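Structural description and commentary
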Amino acid sequence: MCGISGIASPLDLDTSRRLLQKMTDRMAHRGPDGHGYFVEQGIALGHRRLSILDLSDAAAQPMTDPSGRYTMVYNGEVYNYEEIRAELPPQEFRSSGDTEVILAAFIAWGPACLKKLNGMFALAIWDAEEQSLFLARDRMGIKPLYYALKGEELIFGSEVRALLASERVAPRLNRRVLKTYLQYYTVFAPDTFLEGVQLLEAGHWAKFKGGKWHTEAYWNLAQEGLPTLTSDRQTHHKHIRDLLGQAVEKRMISDVPLGAFLSGGIDSSAIVGLMAQATEQEVHTFSVVFDEAQYDESTYSALIAKKFRTQHHTVKLTPEDFLHDLPAALEAMDHPSGDGLNSYVVSKAARQAGFTVALSGLGGDELFAGYPVFAQYRQIQRLAFWFLLPQGVRKQAAPVLARWVSPHKADRMKSLLSARSTKFQDLYGIFRRIFDREELSRLLVAADLNAHGAGDPLDFAGEALAQLPTYAQVSVGEISTYTQHVLLRDTDQMSMASSLEVRVPFFDHELVSYALKVPDDIKHPTYAKQLLVESLDDLLPSEVVHRKKMGFVFPWAVWLKGPLKPLCESHLQRLDQRGLFQPGVVIELWKSYLSGSLRSSWMKIWMLVILEDWLHRNQINTDYKIQESVSISREKQL
């Protein structure tokens, strides 16, 4: 795991080297074990190294092949590199890790090599003969790759802050994404919060040559769910158990100490159990515990630790501890997100205990119908008769029906009943919305409210999405939006802040592809994630399987009105003065929250606090009126 950066530009060598060093140094936390630079006319590549496989200098980057034509920088882990090495033409390898194998695979097969890689990665390969730069990102979007195009120049890096350090990217807010952020807790690729900076989409590669940019998809998540399988339940159990077991075992490859995050829920417990079965060595586990009983899961994590005889490490987090660590945690936030600080705390604890790699249970909910949205969408499908009425009639009737639910659910219900159809694309955004339409119209100035954004984040799925089973449609929606752009991005930026690599076995692409193909009648749970639990036989105790779902969350509702209140007030007052929102509305929302209004959740408050902190910390220019959108043209083939 590492940090990569680069500039493809006609700049002189001294300038390229100076800017590249600034970019690379800005990500020193991603790679404390070493750094390297490659600078020639037209290209500058930088690397920060976190040594995990092959700790010798032979695996250092940037890495150039023996011919001198190709040079690569790479961030991530490819777990099947030994299998790929066996497929390659006979050659002598100087190192024993995955980096050299990936470079050799590209030389042998070109972009087609990406389909052979099993893992998480973001990479850039310079072709000195062709004077072109090849970039790629893994299928699931686990590792980020940000870039900016300026005429004949390309700047890229593992983090937004690296691009800001390049002096080639203006610290200017992309105001067109404000509405998206307020609705969905994040913004979706290719957009970012910085004007002119984009995020290479998951499962895509790109080529930059002669000032021209070309990108293609080599993997489409929705298409992986076709065709639907029809095997019996026992066959699905066997395949899921085998695929998840293999995914866990692959991700235990490491030349440095390795542990696991353990909340005590089904997903993390499953990963820990499979780790214990895959090794004779003692597994180390890490949990965050609280004094607040309604948030504390220590009973269940201790139960799993005892069952699998792990060396268990608990991190007791009090408001005072969190306040002490909060400045460093906010500094670690490379891109605004309403989530992620929990990942910072447990990652820091694992790193301080001497570990460089940790496995996470992230992904189980997305694949095995663990979130409420799965059941909610299925319920809506049963109301298809309602959608036989004209949309205008439904819009008129919806406010009347919405009177029977609580105020904070009323807008969602009205939006669902007024939707164009029961198609997933028409409904999914409503399920995930944080601020409703009425709140957005009160908050945003007219130009930002009406700004043209990225459009439907599910557009990539095409017609394939509607052909998937209901639960698979929700899985694709979750993974492509909330999971990739909140959970995975937060996991990367918060774990790498402590120089810790986090691996996610549930997002092994072979397991994902299989899970999407399982029909609804097999996947439909009568208890939490039933298909997953049954596939693991008796691995998990009933106390964990049938417990109330809590999730790995902090007691924000308590802390925002207590120890975090002064910070919230100062940040919200500063945000209110920026001119991004209607005057006084942010403060009005804060007062409404303090008074206990059901429409003002802690989540709405905290995401505004996070936004202001990021703007202020990075000195982002927000003092301008939004102009017409000028987008970077992109060629895409699906």
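The paragraphs below set out a description of the structure included in this document.

1. Focus: the overall build of the chain
What the chain contains, in helices and strands, is 27 helices and 17 strands. For the chain, whose C-alpha radius of gyration is 24 Å, the value lies close to the compact-globule estimate of 26 Å for 638 residues. Projected onto the principal axes, the alpha-carbon positions of the chain cover approximately 75 × 60 × 50 Å. Here the chain, with 638 residues, has 61% of them falling under the buried criterion. Residue pairs in contact within the chain that sit at least 24 positions apart in sequence constitute 73% of those at least 6 positions apart. Entry remark: accessible area of the chain is about 25,200 Å², with carbon and sulfur atoms responsible for 50%. Of the charged side chains in the chain, 69 are positive and 76 negative, and the gap between their average positions amounts to 6 Å.

2. A few points about the state of the cysteines
This structure, assessed with the given rule, holds zero disulfides. There is no disulfide at Cys2, and the cysteine sulfur nearest it, in Cys113, is 18 Å away.

3. Some details on the sheet that holds strand 7 (residues 132–137)
On the basis of which strands lie adjacent, the open sheet formed by six strands has the order 4-5-6-7-11-12 and antiparallel pairing. Unpaired on one side and paired on the other, strand 4 (63–64) and strand 12 (212–217) mark the two borders of the sheet. One ladder, built from two bridges, connects strand 4 with strand 5 (residues 70–78); its direction is antiparallel. In the strand pairing of strand 5, Thr64 is matched with Thr71. The strands touched by helix 3 (residues 99–109) are strand 4, strand 5, strand 6 (119–127) and strand 7; relative to strand 5, the strand with the most contacts, the crossing angle is about 125°.

4. Focus on the side chain of Arg139
Here Arg139 shows up in the loop between strand 7 and strand 8 (146–150). Buried and unpaired, Arg139 has no salt bridge, with Glu224 as the nearest side chain of opposite charge at 6.8 Å. If we ignore the near neighbours within four places in the chain, the residues touching Arg139 are Leu114, Lys115, Lys116, Leu117, Ala202, Gly203, Tyr218, Trp219, Gln484 and His509.

5. Re the packing of aromatic side chains
In the structure shown here, the tally under the stated rule is 17 aromatic pairs. Judged by centre distance (6.1 Å) and plane angle (80°), the rings of Tyr70 and Phe106 are edge-to-face. Of this pair, Tyr70 sits in strand 5 while Phe106 sits in helix 3, placing them 36 residues apart in sequence. Accessibility expressed as a relative area gives 11% for Tyr70, which makes it buried. For the pair Tyr377 and Phe424, a centre-to-centre distance of 5.0 Å together with 80° between the ring planes defines the contact as edge-to-face. Of the two residues, Tyr377 is situated in helix 12 (residues 372–381) and Phe424 in helix 15 (residues 424–432); the sequence distance between them amounts to 47 residues. A single burial state applies to Tyr377 and to Phe424, both of which are buried. Taking NZ or CZ as reference, Arg432 lies 5.5 Å from the ring centre of Tyr371, over its face.

6. Things to note about the environment of Arg168
With respect to the helices and strands, the residue Arg168 is situated in the loop between helix 4 (160–165) and helix 5 (178–184). With a relative accessible area of 27%, Arg168 lands in the partly exposed category. Remark: the alpha-carbon pair of Arg168 and Leu149, spanning 19 residues in sequence, is separated by 9.8 Å. Discounting chain neighbours no more than four positions away, the residues touching Arg168 are Leu11, Leu19, Lys150, Glu153 and Ile155.

7. Focus on the sheet that holds strand 2 (residues 34–40)
Spatially, 2-3-1-9-8-10 is the arrangement adopted by the six strands of the open sheet, whose pairing is antiparallel. Each having just a single partner strand, strand 2 and strand 10 (197–199) make up the two edges of the open sheet. Averaged over all neighbouring strand pairs, the angle between strand axes comes to 15°, with direction disregarded. Across five bridges, strand 8 lies against strand 9 (residues 153–157) in antiparallel orientation. Counterpart to Lys150 in the pairing with strand 9 is Glu153.

Criteria and cut-off values
Each chain carries its own residue numbering, running from 1 in the direction its sequence is written. Given that the model is predicted, a residue must reach a pLDDT of at least 70 before its local features are reported, and side-chain atom pairs must reach 80 or more before they are shown or counted; all residues, however, enter totals for whole chains, interfaces and linings. To obtain the side-chain values, all non-hydrogen atoms of the structure were included, while hydrogens and water were left out. The helix and strand labels rest on DSSP assignments: H or I over at least four residues marks a helix, E over at least two residues marks a strand, and numbering proceeds from the N terminus. The globule rule is 2.2 Å times the number of residues to the power 0.38, and the radius of gyration it is compared with is taken over C-alpha atoms. Relative accessibility thresholds used throughout: buried, under 20% of the residue-type maximum; exposed, over 50%; partly exposed, between the two (1.4 Å probe, protein chains only). We call two residues contacting when some pair of their heavy atoms lies within 4.5 Å. In this description, accessible areas are obtained by the Shrake-Rupley approach with a 1.4 Å probe, and a residue is regarded as covered only by the protein chains that are shown. Within this scheme the basic residues Lys and Arg register as positive and the acidic residues Asp and Glu register as negative, but His and the chain ends are omitted. For charged residues, the charge sits on one atom: NZ in Lys, CZ in Arg, CG in Asp, CD in Glu. For this text, the term disulfide refers to a pair of cysteine sulfurs within 2.5 Å. We call two strands paired when DSSP finds no fewer than two bridges between them. Only the contacting stretch of a helix is used when fitting its axis, a line to C-alpha atoms as for every element, and angles between N-to-C directions run 0 to 180 degrees. Salt bridges are identified by distance alone: a Lys or Arg side-chain nitrogen within 4 Å of an Asp or Glu carboxyl oxygen. Put simply, two rings from Phe, Tyr or Trp (the six-membered ring, in Trp's case) pair if the centres are within 6.5 Å, and we call them stacked under 30 degrees between planes, edge-to-face over 60, tilted for the rest. Only when the NZ of Lys or the CZ of Arg is both within 6 Å of the ring centre and within 35 degrees of the ring normal is a charge said to sit over the ring.

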